[in-house]
Amino acid sequence: MAIHNNLKNKYLLDGQFGIEKESLRVDENGYLAHTSHPFSDIEQIDRDFCENQIEIITGVHNSVDEAYDELSQLHNMAVKRLYKMESGKEYIWNFSNPPYVKDEDDIPIAKFHKHLKEKEIYREYLSRKYGKKKMLYSGIHFNFSFSDNYLNEAFKESDYKDFKEFKNELYLELAHKVVRYGWMIVYMTAASPLMDGSFIDYKDIGKDILSPYASGRCSKIGYWNEFVPILDYNSLDSYVDSIQEYVNQGQLKTATELYYPVRLKPRGNNCLDNLKESGVNHIELRNIDLNPLSGIGIKKEDLEFLHLLLIYLNLLDIEMIEDFEQIISINNIKESARFDDREIEIETGWDTKKNIRDLALEVLDDMEKVLGDTHGNISELISYQRKKIIDRKERYTLKIMNLFEGGYVEHGLKAAEIYAKTVIK
C-alpha cells in the first residue's frame, strides 16, 4: 500500500489522542515508597510493574490539548493525595531513571488478588527474567488514531474495496515507518542523563552518575527483549502471527512482553486475538522519556511534535521494511539514546551512516515542507525541535544535567516538593 499526498485532505490533522504516564512514588528521603497503592478508587490511576509505580491513563480526546489537560489534572490530583498521606509525605518521581534503590527487596512487585492474581504472577516472571531494577524505568506512551472522517475520505480515494482492510494496512504501514524513524523520537525527547549509583550497583547508593546515555531506558542497557523481533508487516494477520510465533517458541510469555517502540492496538481488550478479529484501532508510541523540566513529566510541544511526525510519516511513500532493516532500525534507536549527539551515527542503508544532528535537521526541514500548508503552527513547533539540535544548550539532557547534577536525588526531590506545594496552593 502506498500512501500519497492525495491523502492530505481537510481532516488530515484530526484524530484522537491518549497518554499513559508511568511514575515511581518516593518518600521524603528519596527512597522508593513501600505503602500500598493509594489510588484504588481512581480508575485512571493504576499500577505498572511495581506497587509503587503508578500509571496515569487519560481518556480518549479529540486534541493533544485536551489529553494534556486531563493528564495535568490527574497528575496534580495524585500529587495532592501523596503529599497528604497519613503515613508520611510522598512524591511523584519525575524522572525515567529511579531514585535511591537499596536492593532487590526494595522493589515491591504490584500485588493483585482473586481473579487478578495472574497479573502478579506475570510480574514475578518478568522479575526473574529481566531483573527487578530494569522494571523501575518509567516513561510516556502516546496513543493516536486517525479520525473517522479522515479514514473515510482516504478510503474513497484508495483502490481498496474493503474499509477494514484499508484501515489495517494504513496503520501497518505507519507502524513500520515509526520503527524506521524511532531514532528521531528518542533523540528529540531523551531526558535521562543522570542516575543514582544504586541503579548500577546497590553499594553506590547516593553517588551521582552522569550516564553515557541521554535515555537509559531506550539505550542498549534499557528495556528490551533478549532478541530483536522481526515482525511481518505485509498484512494484519501476518503481523499478529509473527508476534504469536515468538510466544509459541517460548521467547515471549505473552504478546505484552514484546518491548518494542510501537504497538498496534485494537479497541477494547488488548490481545492478539482481538487485534486480528477487530482490526487496528490506534497506534502507540512507547519510547518517550519522562521530562523533569515539566511539572507533569512531558512538554505539550513534544506531544504536538509527535502528532505531526505521525502525520508526516503517514504521507511518506516508503518501501516495505525488510527484515535486516528492522534490525538496523532497532540498533539506530539504541544508538540515538547515547548522550553525545556529536558522535551518534544513524545507519541509513548498507554501509551508509549520517550524524544524527544532520539527519534530524533534514527530517525537520522536510516535515516543514510537507506539512507547511496544513498546520498554522507548524513553523513554531518545528523551530522548537530545531533549537535542540542547533543549540546544544537547548537539549533536554544538558539542561537536566546542569540543574540536577551534584545531587540528582536530592535536587529531584526538592523539585518534586516545590511542585507539590505549588499544586496544593
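Residues numbered from 1 in each chain as written. Predicted model: local features only at pLDDT ≥ 70, side-chain atom pairs only at ≥ 80, totals over all residues. Heavy atoms only, no water.

S.K.: Any chance you could explain the confidence of the model for the chain here in plain terms?
M.R.: The predicted coordinates of low-pLDDT regions are not to be read in fine detail. In this model, the chain carries a mean pLDDT of 95, and residues with pLDDT of at least 70 account for 98%. Scored below 50 in pLDDT, residues 1-5 makes 17 contacts in the model with residues more than four places away or belonging to other chains. (pLDDT = per-residue confidence, 0-100. Contact = heavy atoms within 4.5 Å.)

S.K.: When you look at the side chain of serine 219 in this model, what are you seeing that I'm missing?
M.R.: With respect to the element layout, serine 219 can be found in the loop between strand S7 (208-210) and helix H6 (236-248). Residue classification places serine 219 among the buried residues on the basis of a relative accessible area of 0%. Among all residues touching serine 219, those that are not within four sequence positions of it are Tyr213, Trp224, Lys334 and Ala337. (Helix = DSSP H or I, 4+ residues; strand = E, 2+ residues; numbered from the N terminus. Buried < 20%, exposed > 50% of the residue type's maximum accessible area, 1.4 Å probe, protein only.)

S.K.: Looking at this structure, I do not really get the layout of surface pockets. What am I missing?
M.R.: Here the second largest pocket defines a volume of roughly 370 Å³. Arg180, Tyr181, Trp183, Glu347 and Thr348 are the residues nearest the centre of the second largest pocket, which is lined by 17 residues in total. Elements that contribute at least two residues to the lining of the second largest pocket include exactly helix H9 (323-336), strand S10 (345-349) and helix H10 (356-371). With five residues, the single largest contributor to the lining of the second largest pocket is H9. For the lining of the second largest pocket, a count of residues per class yields nine nonpolar, four polar and four charged. (1 Å grid on protein atoms, 1.4 Å probe; cavity = no way out; pocket = protein on both sides within 12 Å on 5 of 7 lines; lining within 4 Å. Points joined across faces, edges and corners; volume = space filled by probe spheres on them. Nonpolar A, V, L, I, M, F, W, Y, C, P; charged D, E, K, R; others polar.)

S.K.: Got a minute to help me understand the pattern of salt bridges in this structure?
M.R.: This model, assessed by the stated rule, comprises 30 salt bridges. As a salt-bridge pair, glutamate 90 and arginine 25 come within 2.7 Å of each other at their nearest N and O atoms. Placement of the pair is glutamate 90 in strand S4 (residues 90-93) and arginine 25 in strand S1 (residues 15-27), with a sequence separation of 65 residues. With relative accessibility at 0%, the residue arginine 25 sits in the buried group. Two residues, lysine 156 and glutamate 153, come together in a salt bridge whose shortest N-O distance is 3.6 Å. One end of the pair is lysine 156 and the other is glutamate 153, both in helix H3 (residues 148-157) and three residues apart, which spans about a single turn. Using a relative accessible area of 63% as the deciding quantity, one classes lysine 156 as exposed. Within the structure, one salt-bridge network assembled from shared partners comprises Asp340, Asp341, Arg342, Arg357, Arg392 and Arg395. (Salt bridge = Lys/Arg side-chain N within 4 Å of Asp/Glu carboxyl O.)

S.K.: So what exactly am I meant to see when it comes to the environment of lysine 119 here?
M.R.: The residue lysine 119 is located in helix H2 (residues 117-130) in this model. For the pair lysine 119 and phenylalanine 49, spaced 70 residues apart in sequence, the C-alpha separation works out to 9.3 Å.

S.K.: Looking at this structure, I do not really get empty space enclosed by the protein. What am I missing?
M.R.: Rolled over the atoms, a probe with the dimensions of a water molecule shows which regions are left empty. Scanning the model with the defined rule gives three cavities of 30 Å³ or more in all. Within this model, the largest cavity holds a volume of roughly 170 Å³. Contributing to the lining of the largest cavity are 13 residues, with Ala255, Arg263, Leu264, Asn270 and Leu272 lying nearest its centre. Elements supplying a minimum of two residues to the lining of the largest cavity: H6, strand S8 (262-265) and helix H7 (272-278). No other element matches the three residues that S8 contributes to the lining of the largest cavity. When grouped by side-chain class, the residues that make up the lining of the largest cavity number nine nonpolar, two polar and two charged. If you go around the second largest cavity, the residues you meet are Tyr187, Met188, Thr189, Ala190, Lys388, Ile389, Arg395, Tyr396 and Thr397. By residue number, the principal contributor to the lining of the second largest cavity is helix H5 (residues 182-189), which donates three residues. Residues that form the lining of the second largest cavity fall into these classes: five nonpolar, two polar and two charged.

S.K.: I'm lost on unusual backbone geometry in this one. Help?
M.R.: Excluding glycine, most residues fall at negative phi; most peptide bonds, likewise, are trans. The backbone of lysine 114 sits at a positive phi, close to 55 degrees, despite the residue not being glycine. Here lysine 114 shows up in the loop between S4 and H2.

S.K.: When you look at H2 in this model, what are you seeing that I'm missing?
M.R.: Because an α-helix packs 3.6 residues into every turn, residues spaced three or four apart end up facing the same way. For H2, with 14 residues, the first-to-last C-alpha span of 20 Å sits near the 20 Å given by 1.5 Å per residue. In this structure, the buried side of H2 is in contact with strand S2 (45-47). Directly after H2, the chain includes glycine 131, whose backbone phi takes a positive value near 90 degrees. (Expected span 1.5 Å × (residues − 1).)

S.K.: It is not clear to me how the packing of helix H1 (residues 64-83) against helix H13 (residues 408-424) should be interpreted in this structure. Could you clarify?
M.R.: Relative orientation and spacing of two packed helices are given, respectively, by the angle between their axes and the distance between those axes. Look at H1 against H13: their axes get within 9 Å of each other, and the N-to-C directions meet at 100 degrees. On the basis of their axis angle, the class for H1 and H13 is roughly perpendicular. Along its contact with H1, which presents His75, Asn76, Val79, Lys80 and Tyr83, the element H13 presents Tyr419, Ala420, Lys421, Val423 and Ile424. Residue classes in the contact of H1 with H13 are distributed as six nonpolar, two polar and two charged. (Axes fitted to C-alpha atoms, helices over the stretch in contact; angles between N-to-C directions. Parallel < 35°, antiparallel > 145°, perpendicular 65-115°, else oblique.)

S.K.: I keep staring at H9 and nothing clicks. Help me out?
M.R.: With 14 residues, H9 extends 20 Å from end C-alpha to end C-alpha; this agrees with the ideal 20 Å at 1.5 Å per step. Considered for burial, the residues of H9 that qualify are Glu325, Gln326, Ile328, Ser329, Ile330, Asn332, Ile333, Lys334 and Ser336. Residues of H9 that are buried sit in contact with helix H4 (163-180), H5, strand S9 (282-289), S10 and H10.

S.K.: Just checking my understanding: could you explain the packing of aromatic side chains for this structure?
M.R.: Think of a pair of aromatic rings as described by two things: how far the centres are apart, and how the planes are tilted against each other in angle. According to the stated counting rule, one finds 21 aromatic pairs in the structure shown. Summarising the aromatic geometry, the rings of phenylalanine 95 and tyrosine 408 are spaced 5.1 Å apart at their centres and angled 80 degrees between planes, so their arrangement reads as edge-to-face. Of this pair, phenylalanine 95 sits in the loop between S4 and H2 while tyrosine 408 is found in helix H13, placing the two residues 313 residues apart along the sequence. For phenylalanine 95, a relative accessible area of 5% gives the class buried. With a centroid separation of 4.4 Å and 50 degrees between ring planes, the pair formed by tyrosine 223 and tyrosine 259 is classed as tilted. On the criterion of sequence distance, the pair formed by tyrosine 223 in the loop between S7 and H6 and tyrosine 259 in the loop between H6 and S8 is long-range, its members being 36 residues apart. Since its relative accessible area comes to 8%, tyrosine 259 is described here as buried. Three or more aromatic residues link up through ring pairs in this structure, and these residues are Phe17, Phe142, Phe144, Phe146, Tyr150 and Tyr171. (Phe/Tyr/Trp six-rings, centres within 6.5 Å; stacked < 30°, edge-to-face > 60°.)

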